[in-house]
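# Close look at the chain arrangement
Listed below, chain by chain, are the residues.
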Amino acid sequence: MDHAEESHRPTHRMPLNAGDNGYGSAPGPGLSASVGGTETAPLLIPEPEPEPEQQWLPLSKEELEAAAGGPLWRRVRCYLVLLFWLAWVAMLATAIAIIVMSPRPVVIPLKWWQKTVFYELQPAPYMEAPQGLNVLCEQLPYLRSLGIGTLILQGLFSKEVSASNLTMAAQSSGTLPQIQHLLTESNKAGLKVMLDFCGLDLNGSHVSDTEQVEKRSLRFWLEQGVAGFVICDTDAAYSEKTLLEWRDVLMEFDGQEDEERIVVVKQTQHVLLPLNNSDQINRTLADVVMRPILPSSQHPLSAQEVADAIETHLQTKDEKIWPSWTVGGEASHDLKRLLLVLTMTLPGSPALQYDEDIDQTQDNGKERRSAVTLFTSLSHSRAREEALMYGSFTFLPFNTSSTNSSSSPNSTVSSPSSPTVLAFLRSWGCVHFLVLLNVGSEPHALDPAWAPTLPEAGVFVTSSGLDRLGSTSLYMLVLKPHEAIVIKLFEGGSYS
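Residues numbered from 1 in each chain as written. Predicted model: local features only at pLDDT ≥ 70, side-chain atom pairs only at ≥ 80, totals over all residues. Heavy atoms only, no water.

## Digging into the overall build of the chain
Counting secondary structure elements, the chain contains 14 helices and 18 strands. The buried share of the chain, reckoned over its 496 residues, is 42%. Taking contacts inside the chain between residues at least 6 apart in sequence as the whole, the part at least 24 apart equals 74%. Counting only carbon and sulfur atoms, one obtains 56% of the accessible surface of the chain, whose full area is about 28500 Å². (Helix = DSSP H or I, 4+ residues; strand = E, 2+ residues; numbered from the N terminus. Buried < 20%, exposed > 50% of the residue type's maximum accessible area, 1.4 Å probe, protein only. Contact = heavy atoms within 4.5 Å. Areas by Shrake-Rupley, 256 points an atom, 1.4 Å probe, with all protein chains shown as cover.)

Quick look at the structure:
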């Protein structure tokens, strides 16, 4: 073939991607595998555009009313309302059943002399003052605010006074107007007043009509507003015959419950003497028996003697007559506040002797304010708590651990039951008050095994040092020397 023939032959050009697949990259997505369409087909296939999302719009008021008014929702609402009322009625019925079926202590109405706090004082020093009894009259509202309910006036009559001149003695001495003024002011302050006849020979008159004179004297003072009389178990008037006569006179003045007139007998012996030296004691003739906690002594009693006397009284129960506890004997000054806590928490009506620490006319500074605070705390707690007013009483045998002062303050060593540490429980229903008394001079920690049925937790009501506040655990409690503590337990125990 010559050169001219070769020039007229058609010329074929190979595409760039022709040949073996190993050359270059293999056809991929978006690339045409055919030879003829390589230059006209798009290199990338566009993704389809997403459809616009559907937008949810809240229902209009008209649409909501239309949906809620349907028969289905009406039935649902009726069922829900019915279910609510059925549940409410069921809960109310259950609560009523629990209240009705729960055991409750029987409430025994108390008379005024069973709820009062007696306060013994001698008006003679006030009478000798330039202003007379006006100084005492000014203190009456203050004494009432402390929680005192009844004043027992002592020493108004000399020991030589008898039934025949019981009234004339007051008239001749010029003290009668002052006493009458005191009675009037006491009534205004809400205080009752009793006259103390202890040691007076009311039956020793030589007048033939002693009985009638005595009755006239009693009537005279009752007409002045006196709430009753106090005698001792060693007086001649402490006899069945005399007390029966007094009872007849007192009944003449009995009106409403708060106006009942009473007779209080002071017990001076370890055991109350029987009437007429008989084996039986007619306990209905005396309304209250005032008992001393400590025996009389020529010297202040030791801590051990005080603890023994307290323990003896705590373990002696006499439910036939209403008691009124007074300190009686003399103890060291360190035990003064402990004995106050004890007197105010025992069953019965506390009888407290004149205390200069709470006298408004005395200026004892911090000591007086502290004594007033403790006195008020005890009297108000007793007035508002049924357990302290008329709850049951349970003496608790006590086990403690003595704090070893020679070792770490937190270490304790076991010791036998200490006779100088005492405890009792006052209970009313499921409410319990625990009273702890450390008469000794050493601190004591409570043994956890002492009373396992008692709740561990409680809250301080008051203490003799006024330095106990808030909640406490019995297992962590350490009694200070000469300390008394009142704790309200959180849960009910088995001592009710």
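Now that the structure is up, let's keep going.
## Re the sheet that holds strand β13 (residues 431-438)
Spatial ordering of the open sheet is given by β9-β12-β13-β18-β15-β16, a layout of six strands whose pairing is antiparallel. Looking along the sheet, the strands with just one partner apiece sit at the ends: β9 (392-395) and β16 (471-473). Neighbour-to-neighbour, the strand axes of this sheet turn through a mean angle of 30°, independent of strand direction. Sheet analysis places strand β12 (residues 421-428) next to β13, joined by eight bridges and oriented antiparallel. If you follow Phe424 over to β13, its bridge partner there is Val435. Against the sheet, helix α11 (residues 303-314) makes contact with β9, β12 and β13, and its axis sits at roughly 30° relative to β12, the strand it touches most. (Pairing = 2+ DSSP bridges. Axes fitted to C-alpha atoms, helices over the stretch in contact; angles between N-to-C directions.)

## Looking at the pairing of strand β7 (residues 322-328)
In terms of residue burial, β7 counts as a mostly covered element, since five of its seven residues are buried. Inspection of the sheet shows strand β6 (residues 288-294) paired to β7 by six bridges, in the parallel sense. Looking across to β7, one finds that Val289 is bridged to Pro323.

## Here's the deal with the environment of Asp447
Structurally, Asp447 can be placed in the loop between β14 (444-446) and β15 (457-463). Judged by its relative accessible area of 27%, Asp447 falls in the partly exposed class. Along the backbone, Asp447 and Leu477 are 30 residues apart, and their C-alpha atoms lie at a distance of 9.3 Å.

## A closer look at the sheet that holds strand β4 (residues 228-232)
Spatial strand order, β7-β6-β5-β4-β3-β2-β1-β8: eight strands in an open sheet with parallel pairing. Two strands lie at the open edges of the sheet, namely β7 and β8 (351-353), each paired on one side alone. On average, adjacent strands in this sheet sit at an angle of 30° to one another, irrespective of strand direction. As defined by bridge partners, strand β3 (residues 192-196) adjoins β4 across three bridges and the pair is classed as parallel.

## Overview of the environment of Thr116
Structurally, the position occupied by Thr116 is in the loop between α4 (112-115) and β1 (118-121). Spatially, the C-alpha atoms of Thr116 and Ala351 are 9.1 Å apart, while their sequence positions differ by 235 residues. When neighbours within four sequence positions are excluded, Thr116 is seen to be in contact with Gly149, Thr150, Ser349, Pro350 and Arg382. Among the polar contacts listed, one links the side chain of Thr116 to the side chain of Thr150, at a separation of 2.9 Å. (Polar contact = N/O pair within 3.5 Å; in protein donor to acceptor, adjacent residues only side chain to side chain.)

## Overview of the layout of surface pockets
If you add up the space inside the second largest pocket, you get close to 770 Å³. Lining of the second largest pocket is provided by 30 residues; of these, Val327, Lys336, Arg337, Leu339 and Asp355 occupy positions nearest its centre. Those elements that place two or more of their residues in the lining of the second largest pocket are β7, α12 (336-345), β8 and α13 (366-384). If you tally residues by element for the lining of the second largest pocket, the top one is α12, at five residues. Considering only residue class, the lining of the second largest pocket consists of 14 nonpolar, eight polar and eight charged. (1 Å grid on protein atoms, 1.4 Å probe; cavity = no way out; pocket = protein on both sides within 12 Å on 5 of 7 lines; lining within 4 Å. Points joined across faces, edges and corners; volume = space filled by probe spheres on them. Nonpolar A, V, L, I, M, F, W, Y, C, P; charged D, E, K, R; others polar.)

## What about empty space enclosed by the protein?
Enumeration over the complete set of coordinates arrives at four cavities of 30 Å³ or more. Size it by volume and the second largest cavity reaches roughly 60 Å³. In this structure, the second largest cavity is lined by Leu446, Asp447, Pro448, Trp450, Ala451, Leu454, Pro455, Glu456, Leu474 and Tyr475. Classifying every residue of the lining of the second largest cavity gives eight nonpolar, no polar and two charged.

## Quick word on the side chain of Ser349
Mapped onto the fold, Ser349 is located in the loop between α12 and β8. With a relative accessible area of 0%, Ser349 lands in the buried category. For Ser349, the side chain forms a polar contact with the main-chain oxygen of Trp113, separated by 2.8 Å. Setting aside chain neighbours within four positions, we find Ser349 in contact with Trp113, Gln114, Lys115, Thr116, Phe118, Trp322, Pro323, Ser324, Trp325 and Arg382.

## A short note on helix α6 (residues 134-145)
Among all positions of α6, only Val135, Leu136, Cys137, Gln139, Leu140, Tyr142 and Leu143 are buried. Turning to α6, the residues buried within the fold contact β1, α5 (124-128), β2 (150-153), α8 (176-189) and α13.

## With respect to the pattern of salt bridges
The full count for this structure, using the stated rule, is 13 salt bridges. Asp196 is the partner of Lys266 in a salt bridge, and the nearest nitrogen-oxygen pair spans 3.1 Å. Remark: Asp196 occurs in strand β3 and Lys266 occurs in strand β5 (residues 262-266); sequence separation between them is 70 residues. The exposure classification of Lys266 matches that of Asp196, with both residues buried. As a salt-bridge pair, Asp355 and Lys336 come within 3.0 Å of each other at their nearest N and O atoms. A residue pair is termed long-range when its members are at least 10 positions apart, and Asp355 in the loop between β8 and α13 and Lys336 in helix α12 qualify at 19 residues. For Lys336, a relative accessible area of 32% translates into the label partly exposed. Counted as one network, the salt bridges with shared partners bring together Glu120, Asp196 and Lys266. (Salt bridge = Lys/Arg side-chain N within 4 Å of Asp/Glu carboxyl O.)

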